[in-house]
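These are the residues of each chain, in order.
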Amino acid sequence: MRDRQELWLGLLGVLLAFGVCEAVSRAGLVRRSYLPPASEVLARAVELAGDSVFLDGIGVTLRAWALGLALACAIAVPLGLLLGSVPLVDAAVRAIVEFLRPLPSVALIPLVSLLLGSGTETEVALITYACVWPIIFNTVYGLGETDPLAKDTLRAFGFGRLAVLLRAELPATAPFIAAGIRISAAVALILAVATEILSGFGEGLGIFIAQAGLATDGTRDVLAGVVWAGALGLVINALLVWGERRLFPWTPEHRGAVGQGSGR
């Protein structure tokens, strides 16, 4: 019931925003060159679904998104497990982590572009850098939340440090890792599009938005591209949430939803 209420409230919010934008533009309160009617923007977004060149650009953006996120997971999960399970290592690198973590990835775009050029390599490098941090800190936090009784029980039966990590700590930390990946997925998509917009040439959704912004009366195409970016973000987040509910139904935030689904 709660999920249905949230869905209907979300749809209501979308319809209200759509109606306000449509009314403001139609009434002439804002010039159409600045804010086209929402119906025209939506129609253009639907029209782009039949444009093979545009869809190829979407594929380029999603490929960079997937590569960067996968590489971030491959780096962050083992590193987070190491930092969370070995306090000496955590203390040794804490200053470096706290120095690097606040650096905005967007500010690094000129430097990385200079070193790697403008292309998929730059996008993947920036996405990886930005996505590593949420996964690392969620992994470390998850290790700290592991039930100490489960660890002590395994140790009492003679299991070593690695066995305790694999049998108790890693399963307990997995939902936290999944949450970090979900957060990083949104960051990765934002950064992929932003990197393409700032580079200004090549292929990708951000390239389409950047080139539309330079065209005469290109606001409609810019907003249509933004609609596509938002829709991709919604789909990705929905798929990850669905995966979390299926993989970790015992967690408190998912237990009720799974129970309701099985009851239906």
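In every chain, residue numbers begin from 1 and rise along the written sequence. Where totals are concerned, whole chains, interfaces and linings use all residues; where local detail is concerned, this predicted model gives features only for residues with pLDDT of at least 70, and gives and counts side-chain atom pairs only at 80 or more. As a rule here, side-chain values come from all non-hydrogen atoms in the structure, and water together with hydrogens is ignored.

Novice: Could you give an account of the overall build of the protein, with specific residues and numbers?
Specialist: Along the protein, the regular secondary structure elements total 11 helices and zero strands. Think of it this way: any DSSP run of H or I at least four residues long counts as a helix, any run of E at least two long counts as a strand, and we number them from the N terminus. When the elements of the protein are put in sequence order from the N terminus, they spell out α-α-α-α-α-α-α-α-α-α-α. Dimensions of the protein, computed from C-alpha atoms along their principal axes, come out at roughly 75 × 55 × 30 Å. The rule is simple: take the accessible area with a 1.4 Å probe, protein chains only, and divide by the maximum for that residue type; under 20% is buried, over 50% is exposed, in between is partly exposed. Counting the 264 residues in the protein, one finds 36% classified as buried. A sequence separation of at least 24 residues applies to 68% of the contacts in the protein between residues at least 6 apart. All accessibility values rest on the Shrake-Rupley procedure with a 1.4 Å probe; residue burial counts only the protein chains present in the view. A total accessible area of about 15,100 Å² is found for the protein, and carbon and sulfur atoms account for 70% of it. Any two residues having at least one pair of non-hydrogen atoms within 4.5 Å are treated as being in contact.

Novice: Please give an account of the side chain of Thr146 that cites residues and values.
Specialist: Summarising the element assignment, Thr146 is placed in the loop between α6 (120–144) and α7 (148–156). Within 3.5 Å is the distance limit for a polar contact, defined as a pair of N or O atoms, with the added protein rule that one can donate a hydrogen and the other accept it, and that residues adjacent in sequence qualify only through two side-chain atoms. At 3.1 Å, the side chain of Thr146 forms a polar contact with the backbone oxygen of Leu143. When sequence neighbours within four positions are dropped, the list of residues in contact with Thr146 reads Lys151, Ala168, Glu169, Ala172 and Thr173.

Novice: Tell me about the nonpolar core, residues and numbers included.
Specialist: In this text, buried Ala, Val, Leu, Ile, Met, Phe, Trp, Tyr and Cys residues form a nonpolar core when linked through side-chain atoms within 4.5 Å. Among the nonpolar cores identified, the biggest contains 43 residues, and Phe54, Trp65, Leu205 and Trp228 are the most heavily contacted of them. Of all the secondary structure elements, the ones that give two or more residues to this core are α2 (38–48), α3 (52–85), α5 (109–116), α6, α8 (161–199), α9 (205–214) and α10 (219–247). The contacts of Phe54, once residues within four sequence positions are left out, are Leu48, Leu205, Phe208 and Trp228.

Novice: Mind laying out the pattern of salt bridges, listing which residues take part and the relevant values?
Specialist: One speaks of a salt bridge when a side-chain nitrogen belonging to Lys or Arg is within 4 Å of a carboxyl oxygen belonging to Asp or Glu. Inspection of every chain in the model, using the stated rule, returns seven salt bridges. As a salt-bridge pair, Arg44 and Glu47 come within 3.1 Å of each other at their nearest N and O atoms. One end of the pair is Arg44 and the other is Glu47, both in helix α2 and three residues apart, which spans about a single turn. Residue classification places Arg44 among the buried residues on the basis of a relative accessible area of 14%. Take Glu47: its relative accessible area is 49%, and that puts it in the partly exposed class. A salt bridge links Asp90 to Arg94, with the nearest nitrogen and oxygen atoms 2.8 Å apart. Of this pair, Asp90 and Arg94 both sit in helix α4 (residues 87–100), four residues apart, roughly one helical turn. Residue Arg94 is classed as partly exposed on the basis of its relative accessible area, which comes to 30%. A single network of salt bridges, built from pairs that share partners, joins Asp90, Arg94, Glu98 and Arg101.

Novice: Which residues make up the confidence of the model for the protein, and what are the values?
Specialist: Per-residue confidence for the protein averages 85 on the pLDDT scale, and 92% of its residues sit at or above 70. One confidence number per residue, pLDDT, is output by the predictor and ranges from 0 to 100. Mean pLDDT across the elements of the protein ranges from a minimum in helix α11 (residues 252–263), with 50, to a maximum in α3, with 93. Low pLDDT (under 50) marks residues 257–264, which in the prediction has seven contacts with non-local residues, meaning those over four places away or in another chain.

Novice: Account for the side chain of Thr128, with residues named and values stated.
Specialist: Note on placement: Thr128 falls in helix α6. Among the residues examined, Thr128 registers a relative accessible area of 7% and is labelled buried. Each residue touching Thr128, except ones within four places of it in the same chain, is listed here: Gly68, Leu71, Ala72 and Ile75.

Novice: Please give an account of the packing of aromatic side chains that cites residues and values.
Specialist: For Phe, Tyr and Trp, rings pair up if their centres lie within 6.5 Å, where Trp contributes its six-membered ring, and each pair is then called stacked (planes under 30 degrees apart), edge-to-face (over 60) or tilted (otherwise). As enumerated under the stated definition, the model contains four aromatic pairs in all. Pairing Phe54 with Trp228 gives two aromatic rings, centres 5.3 Å apart and planes at 70°, and the pair type is edge-to-face. Of the two residues, Phe54 is situated in helix α3 and Trp228 in helix α10; the sequence distance between them amounts to 174 residues. Grouping residues by exposure puts Phe54 and Trp228 together as buried. Of the aromatic side chains, those joined through ring pairs into one cluster are Phe54, Phe208 and Trp228. In this scheme, Lys NZ or Arg CZ marks a charge over a ring once it lies within 6 Å of the ring centre and within 35 degrees of the ring normal. Taking the ring centre of Phe137 as reference, the NZ or CZ of Arg101 above it sits at 4.8 Å.

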